[in-house]
Structure formats: C-alpha cells, structure tokens
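Chain residues, written in single-letter form:
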Amino acid sequence: MPNMREIRERIASIQQILKITNAMYLMSSSKLKKARKSLDATEPYFYKLQETINNILEHTPHTRQAYFDRRTNIPEDKRKRGYIVITGDKGLCGSYNHNILKYAEQKLDETKNIDNCYLFVMGQVGRMHFHRRMSGGGKASVDGEFLYTTQNPTLYRAMEIAKIVLDKFENHELDEVYVLYTDMINSNLQETRTVQLLPFERRHFGKAPDGTMKKLPKASFVPSPEKVMEFLIPQYAKGIIYGAMVEAFCCEQQSRMTAMDAATTSAKDMIKDLSLLYNRARQAAITQEITEVVSGANGLDE
Amino acid sequence: MAKTFQLEIIATDRIFFRGECEHLVITAIDGLLGIMAGHEPLVTVLPTGELKYMVDGVWKYAAISEGFIQVMPDKAVILADSCELPEEIDIKRAEEARQRAEELMKQKQSIVEYYQTQAALNRAMNRLKVSQKHFK
C-alpha cells in the first residue's frame, strides 16, 4: 500500500499544475477568439491579393523588373536562399512548434548547399532552436538582428519584414525567398506550408485547356509597368507576410488551446485515480487501526 | 440608371465595399482617374489618398492608404492597407498620430525611419483631410 502522505502530496502538486493548464487554456481560448476574428477579417484580402496578382501577371507585358529576375546564371549550389520561418514565442502548444521546425529542417536538408541558407526566424522558440543548431557548425545561418515576435501580428511589422528581405534581394544577398508558416485549414487541421516570395514567380497561364494559346488582352499600366510593379511587389510581399503571420498566430493559439485542454483533462483523470487510491489507503489504515484496537481489547479481557 | 460595374474594395482588416457602382474616382500616383463601366483593362497604384464612388446616384467618399487597383471592363478590385468612411475616422487618433509624426520628423532619424514617419504623417493628414471635407 502506498504511503498516504505521498499520495496527498502528489494530488496537491497535480492540482497546482491543473490550475496553470486551466488558466492557460482560458487565456489561449480568448486569444484564439481574437486571432480568429482577425483571421476572418484578413482572409478575403489574403486570397483576393493572390488571385488579383496572378490575374494582373497574366496581363503584364514582359518587364525587366528586378523582382522578376530569376538569376538563372547562378548555379544551384551557389544560390542564396532565405527562409522566413514563423514559429511560436512560447512552448506548451502541442506539436505546433515541433511541426514547423521539422518542416523547416526538412526544407533545409533538401537544398544543395546548406551554408547558403539564411534563416529569418520569427518567434522565440524557433530562434532558440536554430541558434543551438548553428553552434554545431556547417549549418544555415540565422539572422541575429531579425527579432520579431509572432504575438498579435500587425501590418506594420509585416511591412518591416518585407522591407528587410526585399532589400537583401535587391543587394544580391539573397536569390530566393520563401515563407514557411502553418496554415489553418479548419479548427482541428493544420498544415505547414511554403510560399515563394521572391523572385516573383511568373506563372504562365497563357495556355488554354485545349492547348491553344489564349489571347489575353494586355492591360495598360499607369504610369508604366515597371513603376507599378515596383510598388505592387512590396505591397504583395507585405500582404503575404501579414497573412502568413495571422494564420500562424491563429494556429498557435488553437494548438495551445487543444494541448492545454488535453492536459487539464488528463490532470483531472489523474486526480480521480489518485483520490481513489488515497481513499483506499486511508480505509486500509483505519481498518488496521480498528483491528489493532479490537485485538488489544480482546487481549485485556482474557 | 447609368451602366454599372462590380466594384470590390478590400482592406486588410475587412471587406470595405462590394457591389454595383456607377462611377469611381481614384487618386493614382499621377493624378485623379475616373472609371466607369466598360473601362479598358488597367492596373495602377494608389498612394495614400481619397477616393469616391457613386452608388445609385449618390457619391460616397473614403480615405484610403496605400494599395492598388485592377480594372476590368466589367469590374474593378481595389486592395488597400486600410480604407475608411469619413464618419469612421477617429479624428482624435489621427490628430495624435499627426502630432507624433511631426514631432519625430524634427528628430534625427535614419533614412528608413524618415520615410516611415513621412508615410505615417501622410496617412494621418489624409484621414484628417477626408474627415474634415466630408463629415462635419
């Protein structure tokens, strides 16, 4: 029979943890509500932006804009790739951080030369993870000055990030830029996803389903295609980064809520089991005591 | 009833307007631009400024900050950072933002900071202008 005091201590400690997980559950559920609201508000913009840009590109005459430059003269293993990885600021959110980090690692492993990979990590957890890895040597380098939180995404922050990567792209410090984030498909399904930000992917929708060339009317660009693109692409980058930030933040809260809910439930289960055990032990002790008293009294009678 | 076209104005935080519109006037980087149904396909950039659109013969005004517009003969899509009706603008907040930006402009700043403050000042001024013009 386990010691009664031991069981009591365990129950007390589980109750403490239960309080914490429950509080975190409540907090993340209210944060999730907020994040959900901003996600719902942003989603039309996010999707419309992608749709419109694709649509515009169909009508765009060939331009020599810098952001379209694929730099094909640079060989595969010399290309400098930048990854914006969006992780959480804190742990305790189930497999959310683990999934995105594993996904990022996988992406890095796929590249020809990992030394030419540059990571722009948002969120404390991801930053710590890659810093630790970096000290191992021969790994992708993390931009140490890139310090952005993933809490409460704002358009302003997205703009700053977009500016940093666009500048690096223009200065040939980066040849390709990707955004890695977690996409919310529905409330219990999340998926890690990559979006290519730069160079601007010019998909050729020029072919109709029957294989003939579609004749697309060329739209006019005011004042000039180059000028418009020069403005449009930072705008697009900003929109994409903002959208990804909002999605990721919402996912983080969602997984934290689920994780904390599960933790609370299992803590309650444990308390239930332990109190049963405790009561049994207590009952056994009482029975034993009574037996002792009775047998003692019997001994006196004889 | 004039001929109409489908107009969509989508800001990052909401769908601002979606519906039939008779006439749209925007401020593009090089001046005002009027758009009616059957306009040629056009793409242009909208700096922080003012726009107006006519629905059922009534002009409606809005303050818009950075975005772009895609025009097709039967529809137009505006995507912008933010878009507000004159009556929605928080004058006090805009005024505070203006003062803050003006204060910052006087300080020594890096070029990037300077541009950012300038953009913030622009947005605040635009909000104030639109709200004073159309909402009293």
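Residues numbered from 1 in each chain as written. Chains lettered and ligands numbered in written order. Predicted model: local features only at pLDDT ≥ 70, side-chain atom pairs only at ≥ 80, totals over all residues.

**Section: the overall build of chain B**
Within chain B, the secondary structure is distributed over 2 helices and 8 strands. When its helices and strands are written in sequence order, chain B yields β-β-β-β-β-β-β-β-α-α. Seen along its three principal axes, the alpha-carbon backbone of chain B occupies a region of about 55 × 30 × 25 Å. When the 136 residues of chain B are sorted by exposure, 33% land in the buried category. (Helix = DSSP H or I, 4+ residues; strand = E, 2+ residues; numbered from the N terminus. Buried ≥ 20, exposed ≤ 12 C-beta atoms within 10 Å, placed from the backbone.)

**Concerning the overall build of chain A**
Each helix and strand counted, chain A has 5 helices and 6 strands in total. If you list the helices and strands of chain A from N to C, you get α-β-α-β-α-β-α-β-β-β-α. Within the span of chain A, comprising 302 residues, buried residues form 33% of the whole. A separation threshold of at least 6 residues defines the contact pool for chain A, and within that pool the share at least 24 residues apart is 80%. (Contact = placed C-beta atoms within 7 Å.)

**Some words on the pairing of strand β1 (residues 81-86) of chain A**
All names here are of chain A. Buried residues dominate β1, accounting for 6 of its 6 residues. What you see with β1 is no split at all: Arg-81, Tyr-83 and Val-85 on one side and Gly-82, Ile-84 and Ile-86 on the other are buried throughout. Across 5 bridges, β1 lies against strand β4 (residues 176-186) in parallel orientation. When the sheet's bridge partners are listed, Val-85 is paired in β4 with Leu-180. Sheet topology places β1 next to strand β2 (residues 117-122); 6 bridges connect them, and they run parallel. (Pairing = 2+ DSSP bridges.)

**Observations regarding the confidence of the model for chain B**
Averaged over chain B, the pLDDT score is 87; the fraction of residues at 70 or greater is 99%. Among the scores for the predicted complex, ipTM is 0.79 and pTM is 0.83. (pLDDT = per-residue confidence, 0-100.)

**So, the interface of chain B and chain A**
If you look at the interface, chain B gives 21 residues, while chain A gives 22 residues. With 3 bridges connecting them, strand β6 (residues 220-222) of chain A and strand β5 (residues 42-46) of chain B associate as parallel partners. In the sheet register, Phe-221 of chain A faces β5 of chain B, and the bridge partner there is Val-43 of chain B.

**Structural notes on the packing of helix α4 (residues 155-170) of chain A against helix α5 (residues 225-301) of chain A**
Residue and element names in this part refer to chain A. Interaxial distance between α4 and α5 falls to 8 Å at its minimum, and their mutual angle equals 125 degrees. Considering the angle they form, α4 stands oblique to α5. In this structure, the crossing between α4 and α5 has a hand that is right-handed. Contacts from Leu-155, Ala-158, Met-159, Ile-161, Ala-162 and Leu-166 in α4 reach Pro-234, Ala-237, Lys-238, Ile-241, Tyr-242 and Met-245 in α5. Class assignment for the residues of the contact of α4 with α5 results in 11 nonpolar, no polar and 1 charged. (Axes fitted to C-alpha atoms, helices over the stretch in contact; angles between N-to-C directions. Parallel < 35°, antiparallel > 145°, perpendicular 65-115°, else oblique. Left-handed = near helix turned anticlockwise from the far one by under 90°. Nonpolar A, V, L, I, M, F, W, Y, C, P; charged D, E, K, R; others polar.)

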